[in-house]
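Read off the chains here:
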Amino acid sequence: DVKVTQSSRYLVKRTGEKVFLECVQDMDHENMFWYRQDPGLGLRLIYFSYDVKMKEKGDIPEGYSVSREKKERFSLILESASTNQTSMYLCASSLGGLSLGYTFGSGTRLTVV
Amino acid sequence: KNEVEQSPQNLTAQEGEFITINCSYSVGISALHWLQQHPGGGIVSLFMLSSGKKKHGRLIATINIQEKHSSLHITASHPRDSAVYICAVRGQKLVFGQGTRLTINP
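Computed from a prediction, not measured in an experiment: that's the story for all the values here.

## Focus on the pairing of strand β1 (residues 4-7) of chain B
In summary, the side chains of a regular strand alternate between the two faces of the sheet.
Residues and elements named next belong to chain B.
Consideration 1: Side-chain alternation along β1 places Val4 and Gln6 on a buried face and Glu5 and Ser7 on a face that remains uncovered.
Consideration 2: The pairing of β1 with strand β3 (residues 19-25) spans four bridges and is classified as antiparallel. The partner of Gln6 across the bridge, within β3, is Cys23.

As structure tokens, then:
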């Protein structure tokens, strides 16, 4: 069964901490995405990557960075966590080219206190 | 105005009822996704369609490209169908609706 795995389901971090959210996919997908999901706002794209070492800003990249050193792993980094980054974070992947199917991870609920 | 609008936002029904969730969009798209999110957060892709109709078990998804509208139907609804259903459209990027929270009571 193909998977997108997010390393943590729940995280609690303190304001100012550096936070790493990890996402690994085993489907050899080219594209990987990080979204955050907030009540009333739906899913919003933070960053995406279409190849190793490549990254593109999404709609709300401020306060975040990403790393893709290997094809299967896409990390989201909060350089200095703030309370307004408390949210559900979802990772997804898809094949490149004309394929449009997406596979989502189970999500990481991050609370910044 | 959001590019993707879902209705209703919340829907409560009795087990066995026929359910319809609607999605309207305002942008040109190459495909539309219906997603299901259960409590706990994980999202499952139900359908991806660009024309016509698809059926999987008790779920049916339709799309009318000219009217920029899609519907997700659930026949013989069951409490395990309780979830948030999300419509997402693929243009230059994937744009999500805000979701419809469905609760099916026994």
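## Let's talk about the sheet that holds strand β6 (residues 52-56) of chain B
Residues and elements named next belong to chain B.
Consideration 1: As summarised here, the arrangement of the five strands in space is β1-β3-β8-β7-β6, forming an open sheet in which the pairing is antiparallel. Edge positions in the open sheet fall to β1 and β6, since each of these has one partner strand only. When strand polarity is set aside, the average angle formed by the axes of neighbouring strands in this sheet is 15°.

## Describing the side chain of A:Asp38
Consideration 1: Along the chain, A:Asp38 turns up in strand β4 (residues 31-38).
Consideration 2: Non-local contacts of A:Asp38, meaning those with residues more than four positions away in its chain, are made with A:Arg44, A:Thr86 and A:Ser87.

## Examining the packing of aromatic side chains
Each aromatic ring pair is summarised here by two numbers: the centre-to-centre distance and the angle between the ring planes.
Consideration 1: Counted under the stated rule, the structure contains eight aromatic pairs over all chains.
Consideration 2: Relative to A:Tyr35, the ring of A:Phe33 has its centre 6.2 Å away and its plane inclined at 25°; by these criteria the two rings are stacked.
Consideration 3: Residues A:Tyr35 and B:Phe96 carry aromatic rings whose centres are separated by 5.0 Å and whose planes lie at 80° to one another, so their mutual orientation is edge-to-face. Of this pair, A:Tyr35 sits in strand β4 while B:Phe96 sits in strand β10 (residues 94-96), which puts the two residues in different chains. Of the two residues, A:Tyr35 and B:Phe96, neither departs from the other in class, the shared state being buried.
Consideration 4: Linked through ring pairs, A:Phe33, A:Tyr35, A:Phe48, A:Tyr102, A:Phe104 and B:Phe96 together constitute an aromatic cluster.

## Brief notes about the nonpolar core
Consideration 1: Core analysis: the largest hydrophobic core is formed by 23 residues, its most contacted members being B:Leu32, B:Trp34, B:Phe47, B:Leu72 and B:Tyr85.
Consideration 2: Those residues in contact with B:Leu72 that sit more than four places away from it in its chain are B:Ile19, B:Thr20, B:Ile21, B:Trp34, B:Leu46, B:Phe47, B:Ile60, B:Ala61 and B:Tyr85.
Consideration 3: Counting residues in hydrophobic clusters, the runner-up holds 21 residues, among them A:Leu11, A:Met32, A:Ile46 and A:Leu76.

## Comments concerning the confidence of the model for chain A
Parts of the model with low pLDDT should not have their predicted coordinates read in detail.
Consideration 1: Mean pLDDT for chain A: 91, with 94% of residues reaching 70 or above.
Consideration 2: For chain A, strand β10 (residues 102-104) of chain A is the element with the lowest average pLDDT, namely 87, and strand β8 (residues 73-78) of chain A is the one with the highest, namely 97.

## Focus on the layout of surface pockets
Consideration 1: For the largest pocket, the calculated volume is near 590 Å³.
Consideration 2: Forming the boundary of the largest pocket are 27 residues, of which A:Gln37, A:Pro39, B:Gln37, B:Val84 and B:Arg101 lie nearest the centre.
Consideration 3: Counting only elements with at least two residues in the lining of the largest pocket, the list comes to β4, β5 (42-49) and β9 (87-94) of chain A together with β9 (83-90) and β11 (100-105) of chain B.
Consideration 4: At four residues, the largest contribution of residues to the lining of the largest pocket is made by β11(B).
Consideration 5: Lining of the second largest pocket is provided by 15 residues; of these, A:Leu41, A:Leu43, A:Arg44, B:Val95 and B:Phe96 occupy positions nearest its centre.
Consideration 6: Put simply, the parts of the chain that give the lining of the second largest pocket at least two residues each are β5 of chain A together with β10 of chain B.

## Description of the state of the cysteines
Put plainly, two cysteines are in a disulfide when a covalent bond ties their sulfur atoms together.
Residue and element names in this part refer to chain A.
Consideration 1: Applying the stated criterion across every chain yields a total of two disulfides over all chains.
Consideration 2: Residue Cys23 pairs covalently with Cys91 via a disulfide, S to S 1.9 Å. Judged by the torsion about the S-S bond (-75°), the Cys23/Cys91 disulfide is left-handed. Of this pair, Cys23 sits in strand β3 (residues 19-25) while Cys91 sits in strand β9; the two residues are 68 residues apart in sequence, bridging distant segments of the chain.
Consideration 3: Under the relative-accessibility criterion, Cys23 is labelled buried at 0%.
Consideration 4: When its relative accessible area of 0% is taken as the criterion, Cys91 is described as buried.

## Focus on unusual backbone geometry
All names here are of chain B.
Consideration 1: Omega for the peptide link from Ser7 to Pro8 comes to -5°, which places this bond in the cis form.
Consideration 2: With respect to the secondary-structure elements, Pro8 resides in the loop between β1 and β2 (10-14).
Consideration 3: Positioned with a positive phi, Lys68 is a non-glycine residue whose angle comes to about 55°.
Consideration 4: With respect to the element layout, Lys68 can be found in the loop between β7 (59-64) and β8 (69-74).
Consideration 5: In this structure, Ala76 is a non-glycine residue whose phi angle is positive, near 50°.
Consideration 6: Its location among the elements puts Ala76 in the loop between β8 and β9.

Criteria and cut-off values
Residues numbered from 1 in each chain as written. Chains lettered and ligands numbered in written order. Predicted model: local features only at pLDDT ≥ 70, side-chain atom pairs only at ≥ 80, totals over all residues. Heavy atoms only, no water. Buried < 20%, exposed > 50% of the residue type's maximum accessible area, 1.4 Å probe, protein only. Helix = DSSP H or I, 4+ residues; strand = E, 2+ residues; numbered from the N terminus. Pairing = 2+ DSSP bridges. Axes fitted to C-alpha atoms, helices over the stretch in contact; angles between N-to-C directions. Contact = heavy atoms within 4.5 Å. Phe/Tyr/Trp six-rings, centres within 6.5 Å; stacked < 30°, edge-to-face > 60°. Core = buried A, V, L, I, M, F, W, Y, C linked by side-chain atoms within 4.5 Å. pLDDT = per-residue confidence, 0-100. 1 Å grid on protein atoms, 1.4 Å probe; cavity = no way out; pocket = protein on both sides within 12 Å on 5 of 7 lines; lining within 4 Å. Points joined across faces, edges and corners; volume = space filled by probe spheres on them. Disulfide = S-S within 2.5 Å.

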